[in-house]
There are 6 protein chains.
Amino acid sequence: MAIERHYTRHAEGSVLVAFGDTRVLCTASVEERVPPFLRGKGEGWVTAEYGMLPRATKERTQREAARGGQGGRTMEIQRLIGRSLRACVDRAALGERTITLDCDVLQADGGTRTAAITGAYVALADAINGLRTRGLVKREVIHGAIAAVSVGIWQGLPVLDLDYAEDSACDTDMNVVMNDGGGFIELQGTAEGHAFRREELDALLGLAAGGVEELCRLQRVALAA
Amino acid sequence: MAIERHYTRHAEGSVLVAFGDTRVLCTASVEERVPPFLRGKGEGWVTAEYGMLPRATKERTQREAARGGQGGRTMEIQRLIGRSLRACVDRAALGERTITLDCDVLQADGGTRTAAITGAYVALADAINGLRTRGLVKREVIHGAIAAVSVGIWQGLPVLDLDYAEDSACDTDMNVVMNDGGGFIELQGTAEGHAFRREELDALLGLAAGGVEELCRLQRVALAA
Amino acid sequence: MAIERHYTRHAEGSVLVAFGDTRVLCTASVEERVPPFLRGKGEGWVTAEYGMLPRATKERTQREAARGGQGGRTMEIQRLIGRSLRACVDRAALGERTITLDCDVLQADGGTRTAAITGAYVALADAINGLRTRGLVKREVIHGAIAAVSVGIWQGLPVLDLDYAEDSACDTDMNVVMNDGGGFIELQGTAEGHAFRREELDALLGLAAGGVEELCRLQRVALAA
Amino acid sequence: MAIERHYTRHAEGSVLVAFGDTRVLCTASVEERVPPFLRGKGEGWVTAEYGMLPRATKERTQREAARGGQGGRTMEIQRLIGRSLRACVDRAALGERTITLDCDVLQADGGTRTAAITGAYVALADAINGLRTRGLVKREVIHGAIAAVSVGIWQGLPVLDLDYAEDSACDTDMNVVMNDGGGFIELQGTAEGHAFRREELDALLGLAAGGVEELCRLQRVALAA
Amino acid sequence: MAIERHYTRHAEGSVLVAFGDTRVLCTASVEERVPPFLRGKGEGWVTAEYGMLPRATKERTQREAARGGQGGRTMEIQRLIGRSLRACVDRAALGERTITLDCDVLQADGGTRTAAITGAYVALADAINGLRTRGLVKREVIHGAIAAVSVGIWQGLPVLDLDYAEDSACDTDMNVVMNDGGGFIELQGTAEGHAFRREELDALLGLAAGGVEELCRLQRVALAA
Amino acid sequence: MAIERHYTRHAEGSVLVAFGDTRVLCTASVEERVPPFLRGKGEGWVTAEYGMLPRATKERTQREAARGGQGGRTMEIQRLIGRSLRACVDRAALGERTITLDCDVLQADGGTRTAAITGAYVALADAINGLRTRGLVKREVIHGAIAAVSVGIWQGLPVLDLDYAEDSACDTDMNVVMNDGGGFIELQGTAEGHAFRREELDALLGLAAGGVEELCRLQRVALAA
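Residues numbered from 1 in each chain as written. Chains lettered and ligands numbered in written order. Predicted model: local features only at pLDDT ≥ 70, side-chain atom pairs only at ≥ 80, totals over all residues. Heavy atoms only, no water.

### Focus: the overall build of chain A
Part 1 of the argument: Check the secondary structure of chain A and you find five helices and nine strands.
Part 2 of the argument: Start at the N end of chain A and walk to the C end: the helices and strands fall as β-β-β-β-α-α-α-β-α-β-β-β-β-α.
Part 3 of the argument: Compactness check: chain A gives a C-alpha radius of gyration of 17 Å against a globular reference of 17 Å for 225 residues, within 12% of the reference.
Part 4 of the argument: When the backbone C-alpha atoms are referred to their principal axes, chain A occupies close to 55 × 40 × 35 Å.
Part 5 of the argument: Going through the 225 residues of chain A one by one, you find that 62% of them count as buried.
Part 6 of the argument: Excluding contacts between residues fewer than 6 apart, the proportion of contacts in chain A whose partners are at least 24 apart in sequence is 69%.
Part 7 of the argument: Side chains of chain A give 26 positive and 31 negative charges; the mean places of these two sets differ by 7 Å. (Helix = DSSP H or I, 4+ residues; strand = E, 2+ residues; numbered from the N terminus. Rg over C-alpha atoms; globule rule 2.2 N^0.38 Å. Buried < 20%, exposed > 50% of the residue type's maximum accessible area, 1.4 Å probe, protein only. Contact = heavy atoms within 4.5 Å. Lys, Arg positive; Asp, Glu negative; His and termini not counted. Charge placed at Lys NZ, Arg CZ, Asp CG, Glu CD.)

Here it is in structure tokens:
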């Protein structure tokens with residue numbers, strides 16, 4: 001995995017993540033307002049939107065804006081990204097502002113949602129460091145780091161999705177979002193071919209923990225650069 | 001949990017499921033056509049749609065048809081129901097027809113998606129038994145039963161969502177879809193308050209397995225009635 | 001006709017109406033706000049929404065939320081229900097609050113709109129009685145009762161739609177909304193086959209008046225229970 | 001009322017109707033195809049669409065195309081126009097073609113739907129005469145003429161809406177669609193202020209019959225010109 | 001070209017423009033509010049909307065409101081009309097109010113957008129004269145007049161679109177919006193068949209200048225009537 | 001200007017264009033089908049779609065897919081790109097296939113539409129070269145090259161938009177699309193502040209011709225690499 005910070009210049013955080021052939025541009029935008037349900041409560045909000053360029057994929061897919069709205073898969077992914085990142089944010093410390101994490105897939109080769117989460121964390125950290133530098137936040141806003149991997153059972157064997165084999169070739173596909181303390185944030189597992197047994201699940205969770213640990217290390221290296 | 005079959009009269013399967021104060025009407029509709037991507041392939045399709053009556057909830061929620069479309073939560077839930085039920089269906093044995101599982105929440109008190117999956121399985125079984133009776137399918141179409149429970153960590157303790165405490169009061173909320181052989185079909189866990197540790201996850205999975213086993217027994221009783 | 005009150009538990013009024021094989025769930029929801037055009041005028045509002053579960057009908061119909069909006073028939077029906085019920089409400093006595101009547105068809109066998117109006121009246125009465133009990137309204141809010149029947153010409157003879165013969169088999173189909181004082185609130189007649197003559201219309205109106213009288217009696221019995 | 005034929009040049013029928021200050025342009029468009037549900041049945045179709053220019057009214061109303069769709073009132077009116085005109089058409093004699101009646105209000109001053117029906121009949125007759133001239137239809141397609149009036153109770157008195165007093169000033173507003181044989185096609189009555197009694201209804205129906213008779217005479221004069 | 005003022009009665013300006021067989025109804029509506037981005041800035045706004053009646057054209061086109069929104073061509077045209085008319089308006093002198101120019105094509109035969117601009121200017125002038133008469137504006141609001149022509153290369157020759165030959169028959173189609181001082185406001189040229197050379201462009205611009213001069217004269221005559 | 005080919009790997013043509021701080025990713029996708037209006041005519045189609053990532057701009061703009069559709073500006077730009085590129089394509093030589101040019105702005109700093117056209121030409125050329133290599137097209141498909149510049153009057157002086165000064169600071173903004181033979185394809189000029197005079201227009205056209213010549217040279221260099 002490669003993490004390139006400051007990829008575009010306007011956003012408060014802007015990270016290009018490369019996972020195999022997958023490329024996701026994650027930007028963090030800070031706005032000095034919160035959604036209506038939070039007004040006047042002294043808390044901030046972190047939300048995410050996800051998109052895929054029409055020709056990020058092998059076959060061109062229809063542009064969602066042209067089709068008239070976001071599909072179910074897109075909504076599901078962006079809700080996952082938002083929940084995952086909120087898990088490391090102290091929203092009271094953030095104050096009444098919104099950070100929007102836009103994750104746009106420039107090139108897709110499996111694992112776009114886990115790449116998006118891993119990259120969005122870095123963009124979020126950059127945005128919050130900027131707020132701190134400008135004196136707009138005082139306390140720690142982020143507690144721990146968040147990263148995500150995809151694990152699966154491929155030809156009967158549990159594998160960490162390091163080589164980005166096509167998702168659909170797996171019998172089971174599980175996305176695991178964890179923090180750098182080894183705690184689970186989100187777990188989404190789907191049996192594609194046959195139901196998976198408890199011991200398979202245990203093996204997958206072990207692989208995931210190791211993968212996330214490595215990703216968190218890479219995030220730290222990137223942020224220290 | 002109570003399962004009432006033949007709740008409405010037009011659908012090929014029609015089941016009212018009661019989980020605590022939650023009431024979900026699950027109907028299975030058989031249509032002699034398949035979506036475009038399956039035409040001519042000799043396989044059938046199983047899909048699901050989910051809805052909530054506006055006043056199923058404590059506060060009235062806006063009707064999705066009036067708002068102009070289904071929201072992200074609805075899409076996420078109906079995709080989950082569809083994937084879960086397809087996991088027990090031999091689509092070649094079903095033949096070129098579509099079964100749509102409509103899960104409409106009449107009254108909501110937590111756990112609507114797991115109630116929907118558990119009830120939709122019974123509606124699906126009724127619909128397929130009807131096809132068999134009429135000689136339209138020959139081979140076994142359904143392999144195993146599917147049920148779902150919600151488990152969570154409530155005040156530090158893993159609980160099976162038997163008493164339907166408000167979802168949002170839990171620190172962790174996990175929906176577990178399993179078959180009657182103890183295999184996992186879908187796993188969706190979200191840390192609401194703090195990240196959950198591996199041993200908590202293990203406890204939750206154990207509780208879920210027991211809960212699904214009981215639900216599958218109740219499904220068998222209902223279908224034998 | 002059967003009227004079952006308190007069918008679901010969250011709504012301020014919740015009535016299941018059965019007319020032949022038709023089943024409509026009518027809920028009344030009270031909200032302490034009014035639409036923009038009424039703000040600050042000291043008056044309340046009563047409105048209605050109508051929906052049909054996809055498999056309420058013999059053939060499954062597409063879910064309006066999935067199709068992206070309400071169709072013309074739905075809008076026409078919900079506008080009719082709203083106007084009909086507003087006719088018995090003193091909106092100044094109601095005060096600045098909105099009552100929304102959600103009429104959802106669980107099973108359809110003709111006459112869904114007249115069943116909806118007749119049931120929605122009972123749900124509305126329950127909701128307003130609740131406001132009175134809590135001391136939120138002082139004066140009489142409801143003046144008279146409202147009920148509706150469908151009448152038609154079937155094989156040359158005027159019939160009250162008591163046996164719920166298929167609407168489309170009639171030459172003329174008329175929905176008549178009246179109050180319990182014998183006054184007309186809404187009249188919607190359509191010649192399906194041939195234009196209807198004045199004497200046929202007179203006969204239909206006579207039948208309707210008798211039918212509504214009986215429905216108003218059943219409403220009183222239900223509300224007294 | 002004034003009826004001006006051939007108001008625009010492309011449509012097979014094009015009529016400008018003036019009722020008081022109301023101006024509706026009614027065009028009839030013939031297309032050699034039918035909607036999917038009629039394909040191959042040897043029958044034609046007649047349908048209507050209704051629109052109002054944004055500044056046809058005293059205050060500008062939002063353009064429906066800009067707002068993203070037709071509202072409930074528009075759908076209700078165009079469904080009424082379509083049903084009314086289909087009542088005089090022998091769809092088998094029309095053959096597999098569709099006639100669309102577009103009724104666009106250039107200036108509104110009450111009674112737009114009844115003006116639209118009355119004018120659309122003339123446009124329809126012109127379109128069908130054109131088909132006959134070109135030898136495309138053989139048998140009589142239209143049976144009888146259709147016209148519509150609005151009647152109401154104004155300050156306690158039944159009035160024929162000849163002087164186009166503001167609709168909303170009436171206690172009761174009834175739209176009556178009839179044929180030139182005195183038969184009723186559609187009846188839509190709404191009590192605005194108080195419920196109307198049977199004797200008031202009888203008086204309104206008498207007024208309507210006289211009004212439609214006069215409109216049918218004016219249609220004949222216009223078509224003979 | 002013919003310009004008929006006061007074509008409908010409710011709008012503050014209402015002009016029917018005829019260019020060959022093209023007929024466009026242009027109304028100007030004054031509203032005492034401005035869009036959110038201008039609130040409190042002491043400036044007004046001028047905007048335009050464009051529509052085409054379904055049977056304005058040779059073949060019926062689908063009604064945009066029925067299709068669910070405005071298409072790209074419509075948006076492009078209404079943005080052009082709005083920009084063009086704003087070019088002659090002193091928005092500070094107008095004050096915090098909005099003038100909406102609705103241009104609806106009753107009959108189309110080429111050149112609808114240039115006819116719309118030319119007619120909308122007259123409707124705008126009428127609306128502003130009305131404001132002045134009522135003492136609502138003090139200073140000059142309009143500076144110069146705006147008109148538009150279409151020019152093109154037809155069979156190798158530059159032509160002013162006086163005879164309204166079908167747009168699509170031209171090799172090049174250019175819409176030129178100018179003021180009565182000979183200044184250019186908008187220029188939109190499209191090579192339909194072959195790219196056009198600089199000398200062709202020069203000839204087209206010369207023709208356009210002459211055409212606009214004549215249209216401005218006709219506008220003055222109409223406004224003086 | 002910098003042109004980077006093969007920026008992403010799935011598309012038949014994929015070009016990142018940099019104009020000042022503007023970055024546009026232009027992909028060309030080949031599909032073996034044509035829109036309905038061209039079926040069976042032996043001709044191909046070239047079309048374009050345009051999008052802007054939400055944080056390509058200084059302030060975050062709302063995602064069009066989330067807002068429910070493409071706005072007027074987007075439609076106008078993508079129609080311009082499509083028409084411009086079709087001007088150099090022999091659609092009969094292309095055969096019955098569609099090439100879609102997706103132009104997505106990663107970072108915006110003025111001139112996005114002209115950068116998109118200039119880059120899309122290179123992506124189109126790559127896609128067509130690929131078709132030729134695979135023997136799918138025989139004859140020359142592209143005739144000439146297409147590029148676009150923005151020119152304007154800035155502080156009274158005509159300038160070629162080489163330094164990408166903010167569009168809105170110009171009194172006049174003109175987008176000029178030309179081919180490498182000096183012919184004009186599209187011309188879109190807008191007077192922002194004051195109407196522009198003929199001599200100013202002449203100066204702008206001269207500047208544009210020089211700018212396009214240079215861009216066509218850079219395109220040739222990039223395609224030869």
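The structure having been displayed, the exposition proceeds.
### Re the interface of chain F and chain A
One widely used convention gives an interface's size as the accessible area the parts lose upon coming together.
Part 1 of the argument: Between chain F and chain A, the residue contacts involve 37 residues of the former and 37 residues of the latter.
Part 2 of the argument: On the chain F side of the interface with chain A, the three residues burying the most area are His10, Arg55 and Arg60 of chain F, jointly 26% of the side's total.
Part 3 of the argument: There are 14 salt bridges connecting chain F and chain A.
Part 4 of the argument: The residue Glu49 of chain F makes a salt bridge to Arg63 of chain A at a minimum N-O spacing of 2.9 Å.
Part 5 of the argument: Our count for the contact surface shared by chain F and chain A stands at 23 residue pairs in polar contact (both at pLDDT 80 or more). (Buried area = accessible area lost by both parts, 1.4 Å probe. Salt bridge = Lys/Arg side-chain N within 4 Å of Asp/Glu carboxyl O. Polar contact = N/O pair within 3.5 Å; in protein donor to acceptor, adjacent residues only side chain to side chain.)

### Quick notes on the packing of aromatic side chains
Part 1 of the argument: Applying the stated rule across the entire model yields twelve aromatic pairs over all chains.
Part 2 of the argument: Consider the rings of Phe37 of chain A and Trp45 of chain A, whose centres lie 5.2 Å apart with planes at 85 degrees: the pair is edge-to-face.
Part 3 of the argument: The partly exposed category is assigned to Phe37 of chain A, whose relative accessible area is 48%.
Part 4 of the argument: Arranged with centres 5.7 Å apart and planes meeting at 25 degrees, the rings of Phe184 of chain A and Phe196 of chain B form a pair that is stacked. Of the two residues, Phe184 of chain A is situated in strand S9 (residues 184-191) and Phe196 of chain B in the loop between strand S9 (184-191) and helix H5 (198-224); the pairing between them involves two chains. (Phe/Tyr/Trp six-rings, centres within 6.5 Å; stacked < 30°, edge-to-face > 60°.)

### Quick word on the pattern of salt bridges
When charged atoms on two side chains of opposite charge get close, those side chains can pair.
Residue and element names in this part refer to chain C.
Part 1 of the argument: Scanning the entire structure with this criterion turns up 126 salt bridges over all chains.
Part 2 of the argument: Ionic pairing is found between Glu214 and Arg217, a salt bridge with its closest N-O pair at 2.9 Å. Taken together, the residues Glu214 and Arg217, both in helix H5 (residues 198-224) and three residues apart, mark about one turn of the helix.
Part 3 of the argument: When its relative accessible area of 37% is taken as the criterion, Glu214 is described as partly exposed.

### Quick look at the state of the cysteines
Residues and elements named next belong to chain A.
Part 1 of the argument: Within the structure shown, the criterion is met by zero disulfides over all chains.
Part 2 of the argument: The closest cysteine sulfur to the non-disulfide-bonded Cys103 is located on Cys26, 4.1 Å from its own sulfur.
Part 3 of the argument: Judged by its relative accessible area of 0%, Cys103 is buried. (Disulfide = S-S within 2.5 Å.)

### Section: the interface of chain C and chain B
Part 1 of the argument: At the interface, 37 residues of chain C touch 37 residues of chain B.
Part 2 of the argument: Of the roughly 2900 Å² buried where chain C meets chain B, counting both sides, 48% is carbon and sulfur surface.
Part 3 of the argument: When the area that chain C buries against chain B is broken down by residue, the three leading residues are His10, Arg55 and Arg60 of chain C, summing to 26%.
Part 4 of the argument: Scanning the region where chain C abuts chain B turns up 14 salt bridges.
Part 5 of the argument: Arg63 of chain B serves as the salt-bridge partner of Asp102 of chain C, at 2.7 Å between the closest nitrogen and oxygen.
Part 6 of the argument: Taken together, chain C and chain B are joined by 23 residue pairs in polar contact (both at pLDDT 80 or more).
Part 7 of the argument: Those elements that provide at least two residues to the side of chain C that touches chain B are strand S3 (22-31), strand S4 (45-52), helix H1 (64-67) and strand S5 (98-107) of chain C.
Part 8 of the argument: In terms of residue class, the side of chain C that touches chain B is made up of 14 nonpolar, eleven polar and twelve charged. (Nonpolar A, V, L, I, M, F, W, Y, C, P; charged D, E, K, R; others polar.)

### Quick look at the sheet that holds strand S3 (residues 22-31) of chain F
Residue and element names in this part refer to chain F.
Part 1 of the argument: Here we have five strands laid out as an open sheet, ordered S1-S2-S3-S5-S4, and mixed in their pairing. Of all strands in the sheet, those bounded by a partner on one side alone are strand S1 (2-5) and strand S4 (45-52). The mean angle between the axes of side-by-side strands here comes to 20 degrees, regardless of whether they run parallel or antiparallel.
Part 2 of the argument: Taken together, the nine bridges between S3 and strand S5 (residues 98-107) define a ladder with antiparallel strand orientation. Bridging across to S5, Ser29 finds its partner in Thr100.
Part 3 of the argument: Set on the sheet, helix H4 (residues 112-133) makes contact with S1, strand S2 (13-19), S3, S4 and S5; between it and S3 the angle comes to about 35 degrees. (Pairing = 2+ DSSP bridges. Axes fitted to C-alpha atoms, helices over the stretch in contact; angles between N-to-C directions.)

### Focus: the packing of helix H4 (residues 112-133) of chain C against H5 of chain C
Residues and elements named next belong to chain C.
Part 1 of the argument: The N-to-C vectors of H4 and H5 enclose an angle of 35 degrees; their axes lie 11 Å apart at closest approach. H4 and H5 meet at a crossing whose hand is right-handed. Along the contact surface, H4 presents Thr118, Tyr121, Val122, Ala125 and Asp126, while H5 presents Leu215, Gln219 and Leu223.
Part 2 of the argument: Split by residue class, the contact of H4 with H5 holds five nonpolar, two polar and one charged. (Left-handed = near helix turned anticlockwise from the far one by under 90°.)

### Here we look at helix H2 (residues 72-86) of chain D
Part 1 of the argument: When the terminal C-alpha atoms of H2 of chain D are compared, their 21 Å separation across 15 residues agrees well with the 21 Å that a helix rising 1.5 Å per residue should span.
Part 2 of the argument: Of all 15 residues in H2 of chain D, eleven are buried; the element is thus mostly enclosed. (Expected span 1.5 Å × (residues − 1).)

### A closer look at the relation of the copies chain F and chain A
Part 1 of the argument: Between the two copies, chain F and chain A, the superposition gives an RMSD of 0.0 Å; the rotation angle is 180 degrees and the shift along the axis is 0.0 Å. Seen this way, the second copy is the image of the first under a two-fold rotation axis. Residue Ala65 of chain F, judged by its C-alpha, is the member of chain F lying nearest the rotation axis, at 1.9 Å.
Part 2 of the argument: Both copies share a contact surface, since 100% of the interface residues of chain F are interface residues in chain A too. (Least-squares fit on C-alpha atoms with pLDDT ≥ 70 in both.)

### A few points about helix H4 (residues 112-133) of chain D
Residues and elements named next belong to chain D.
Part 1 of the argument: The first and last C-alpha atoms of H4 sit 31 Å apart over 22 residues, in line with the 32 Å expected at 1.5 Å per residue.
Part 2 of the argument: Extensive coverage of H4 is indicated by the burial of 18 of its 22 residues.
Part 3 of the argument: Backbone geometry just after H4 places Gly135 at a positive phi near 75 degrees.

### Here we look at unusual backbone geometry
Part 1 of the argument: With a phi angle near 55 degrees, His6 of chain D is a residue other than glycine that sits in the positive phi range.
Part 2 of the argument: Its location among the elements puts His6 of chain D in the loop between strand S1 (2-5) and strand S2 (13-19).
Part 3 of the argument: A relative accessible area of 58% means that His6 of chain D is categorised as exposed.
Part 4 of the argument: Of note, the phi angle at Gln155 of chain E is positive, near 55 degrees, even though the residue is not glycine.
Part 5 of the argument: Relative to the elements of secondary structure, Gln155 of chain E occurs in the loop between strand S6 (146-154) and strand S7 (157-160).

### Let's talk about the nonpolar core
Part 1 of the argument: By size, the foremost hydrophobic cluster in this structure holds 419 residues, and its most contacted members are Met174 of chain A, Met174 of chain B, Met174 of chain E together with Met174 of chain F.
Part 2 of the argument: Look past the residues within four positions of Met174 of chain B in its chain and what remains in contact with it is Leu187 of chain A together with Val149, Ser150, Val151, Leu187, Gln188, Gly189, Phe196, Leu201, Leu204 and Leu205 of chain B. (Core = buried A, V, L, I, M, F, W, Y, C linked by side-chain atoms within 4.5 Å.)

### Some details on the UniProt feature "domain: Exoribonuclease phosphorolytic" (unreviewed entry) in chain A
Part 1 of the argument: The positions UniProt marks with the feature "domain: Exoribonuclease phosphorolytic" (unreviewed entry) are residues 2-127 and 145-209 of chain A.
Part 2 of the argument: Annotated as residues 2-127 of chain A, this span is 31% helix and 31% strand, and its ends, taken at the C-alpha atoms, are 19 Å apart. (UniProt positions renumbered as here; feature names shortened; annotations may be inferred.)

### Some remarks on the UniProt feature "binding site: phosphate" (unreviewed entry) in chain A
Residues and elements named next belong to chain A.
Part 1 of the argument: Here the UniProt-annotated "binding site: phosphate" (unreviewed entry) positions come out as Arg73, Gly111, Thr112 and Arg113. Across 41 residues of sequence, these annotated residues stay compact in space, with a maximum C-alpha separation of 13.6 Å.
Part 2 of the argument: Checked against the element boundaries, Gly111 lands in the loop between strand S5 (98-107) and helix H4 (112-133).
Part 3 of the argument: Along the chain, Arg113 falls in helix H4.
Part 4 of the argument: Taking the relative accessible area as the measure of exposure, Arg113 reaches 19% and is therefore buried.

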